[in-house]
Amino acid sequence: MTLALDKAKVAIIGAGPAGLGAAWRLQELGFENWTLFEKETYPGGLAASFSDAAGFTWDIGGHVQFSHYPYFDNLMDRLLGSGWLRHKRESWIWIGERFVPYPFQHNIRHLPRQEMRDCLEGLIRARTESPASPPANFEEWILGQFGEGIARQFMLPYNYKVWGCSPRELNCRWIGERVAKVDLERVVFNLLDARDDLGWGPNDTFRFPLHGGTGAIWTKLAGRLPPERLVFGKRLRRLDATRRVLHFQDGSEEDYDILISTAPLDWLVRRSDLEDLKDAAGRLAHSSTHVVGIGLAGEPPEHLRSKTWMYFPESHTPFYRATVYSNYSPNNVPDIRRFWSLMLEVSESPAKPVDDERLVDSVIDGLLSARLIEDQASIVDVWRYRAEYGYPTPTLSRDEALGILLPALDELGIFSRGRFGAWKYEVSNQDHSLMQGVELVDRLAAGSQERTLGVAVPPAP
Ligand SMILES: Cc1cc2nc3c(=O)[nH]c(=O)nc-3n(C[C@H](O)[C@H](O)[C@H](O)COP(=O)(O)OP(=O)(O)OC[C@H]3O[C@@H](n4cnc5c(N)ncnc54)[C@H](O)[C@@H]3O)c2cc1C
């Protein structure tokens, strides 16, 4: 469907990567009748960064740049030029009082003998026994791919910690390149040759801004757009989809012909007159993310000098991931000769509540027990952030709900895109989100396919 974009009044909700991507593409193609509304006073959304009073910079969890798109890469080059640092991923798993290199299955030689045997036996069984039926959920997929040993020791507890729900409640259509699969030969030869095998996957190398954290990218991008079209501190309160009117918290209203929304989809429908869609929207689930930044005096211990991030599957550490954030850029701390920093992520969901008051203490206990820090005396800064919408959960009923919601909204000229706009975890990184905005504008301007979301173009009316 080609809408007359040149005649349409376009409203964009949200100045995260998806909303900014849409705005950028509109501008690039010469469409000027658009306005972007953002509730916060800064751009970036979940990819924003913050500098605290002690001079430390923080992201909302460890953000790294690795892209699937030449368009995105070119834009990143244009925005930051030489202001990028390039890193090799070095990620590890803390389990049974030791670090095992990631991916776990390629490095089981680090486990005690019995655990190693269990993992290998499970892997061989999974490879040789063909399942009776395709996996019905993520837990079955894990067992089928990895076998009992790896599932029990790492994959099931780790995924529970990330998602805040049982892998049995998740579908297995989102996996793609998100989960490292198994190469049995490689596993066996790594064992025989006593080799650490760290290279896997799309983020094997990544880049990070030299200054200002991940958010520097989005501040730069917003700064290249016409300032009169970006309205910050403007919170959408209610959508009148029938009259095509936006009602804002400050009492003002705006009409539109086309709405590009990157606000959470369930929230948008709930705050609208779209009664028929409320049931489907109510079936979408999300988890929240707590981020705790710990600023430290001195230097990182020797064993953390080149690590990028670490996974924590065990229940006695509250965080599922720790990032050595000062390894990403020396400018993430006030003076790299005197300070370093760690950033911890903790998930929260109805099934996995978090005791807010105890959170920092439990994170520090976890750091001590995993020997990431030696004592509390070196902590000079604690920074906290809670994202109510952290991860869009790929539940068993997600795709059915999205199959109702997204086409129905499209028909009404409401295009819900981005991490929580389209609710597809598998395409919800920064590059995917920006490209969802770009590809949507291309579709509206020229009828092309939205490849990232996999949305087929409906026949022309
Ligand atoms: C812990 C964590 C780690 C991550 N790590 C990585 C990583 O390593 N690499 C990577 O590429 N990506 C990573 N991501 C994902 C990345 O943050 C997202 O891809 C990206 O921010 C999504 O962009 P978006 O524009 O779709 O949504 P958002 O960033 O959520 O932006 C939506 C915007 O809409 C605004 N908004 C919402 N409601 C309203 C309203 N009512 N009125 C006005 N404005 C509103 C919000 O304030 C926000 O600015 C991570 C995310 C998390 C949570």
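Keep in mind that this is a model prediction, so the values were computed, not measured.

As a further point, take the overall build of the protein. Helix and strand counts for the protein stand at eleven helices and 19 strands. Against the globule reference of 23 Å for 461 residues, the protein gives a C-alpha radius of gyration of 23 Å, in line with a compact fold. Seen through its C-alpha atoms, the protein measures out along the principal axes to roughly 70 × 60 × 40 Å. Looking at the protein as a whole, 46% of its 461 residues are labelled buried. Partitioning the contacts of the protein with sequence separation of at least 6, the portion at a separation of at least 24 is 74%.

Here the focus is helix α2 (residues 70-80). Listed as buried for α2 are F72, L75 and M76. Projected down its long axis, α2 carries its buried residues within an arc of 100°, all on one side. Turned more than 90 degrees away from the buried face of α2 sit P70, N74, D77 and R78, all of them exposed. Along its buried surface, α2 packs onto α6 (215-223) and α11 (430-446). Just past α2, the residue G81 takes up positive phi, approximately 50°.

Turning our eyes to something else, we now look at helix α4 (residues 138-163). Working note: α-helix, 3.6 residues per turn, so residues spaced by three or four point in the same direction. The terminal C-alpha atoms of α4, which comprises 26 residues, lie only 12 Å apart, well short of the 38 Å expected from a rise of 1.5 Å per residue. The buried count for α4 comes to 20 of 26 residues, which makes it a mostly enclosed element.

Another aspect to go through is the nonpolar core. Membership of the largest hydrophobic core comes to 124 residues, with the highest contact counts inside it found for I12, I93, L342 and L405. Looking at this core, the element that brings in the most residues is α4, giving 13 residues. Both of domain 1 (10-85 + 211-283 + 395-446) and domain 2 (103-192) provide at least three residues apiece to this core.

With that settled, the discussion passes to the domain arrangement of the protein. Taken as a whole, the protein is organised into domain 1 (10-85 + 211-283 + 395-446) and domain 2 (103-192). Contacts between domain 1 and domain 2 engage six residues on the former and eight residues on the latter.

Bringing the packing of helix α3 (residues 113-128) against α4 into the picture now. Running from N to C, α3 and α4 cross one another at 160°; their axes reach a closest spacing of 5 Å. Looking at the two axes, α3 sits roughly antiparallel to α4. Note that α3 runs across α4; the crossing there is right-handed. Listed contacts from α4 to E115, D118, C119, E121, G122, L123, R125 and A126 of α3 are G144, Q145, F146, G147, E148, G149, I150 and Q153. Residue classes in the contact of α3 with α4 are distributed as five nonpolar, six polar and five charged.

So, about the confidence of the model for the protein. Counting all residues, the mean pLDDT for the protein is 94, and 95% of those residues have values of 70 or more. Here residues 457-461 scores under 50 on pLDDT; set against residues more than four positions off or in separate chains, the count is eight contacts.

Conventions used here
- Residues numbered from 1 in each chain as written.
- Predicted model: local features only at pLDDT ≥ 70, side-chain atom pairs only at ≥ 80, totals over all residues.
- Helix = DSSP H or I, 4+ residues; strand = E, 2+ residues; numbered from the N terminus.
- Rg over C-alpha atoms; globule rule 2.2 N^0.38 Å.
- Buried ≥ 20, exposed ≤ 12 C-beta atoms within 10 Å, placed from the backbone.
- Contact = placed C-beta atoms within 7 Å.
- Arc of directions from axis to C-beta.
- Expected span 1.5 Å × (residues − 1).
- Core = buried A, V, L, I, M, F, W, Y, C linked by C-beta atoms within 7 Å.
- Domains from an automatic or database assignment.
- Axes fitted to C-alpha atoms, helices over the stretch in contact; angles between N-to-C directions.
- Parallel < 35°, antiparallel > 145°, perpendicular 65-115°, else oblique.
- Left-handed = near helix turned anticlockwise from the far one by under 90°.
- Nonpolar A, V, L, I, M, F, W, Y, C, P; charged D, E, K, R; others polar.
- pLDDT = per-residue confidence, 0-100.

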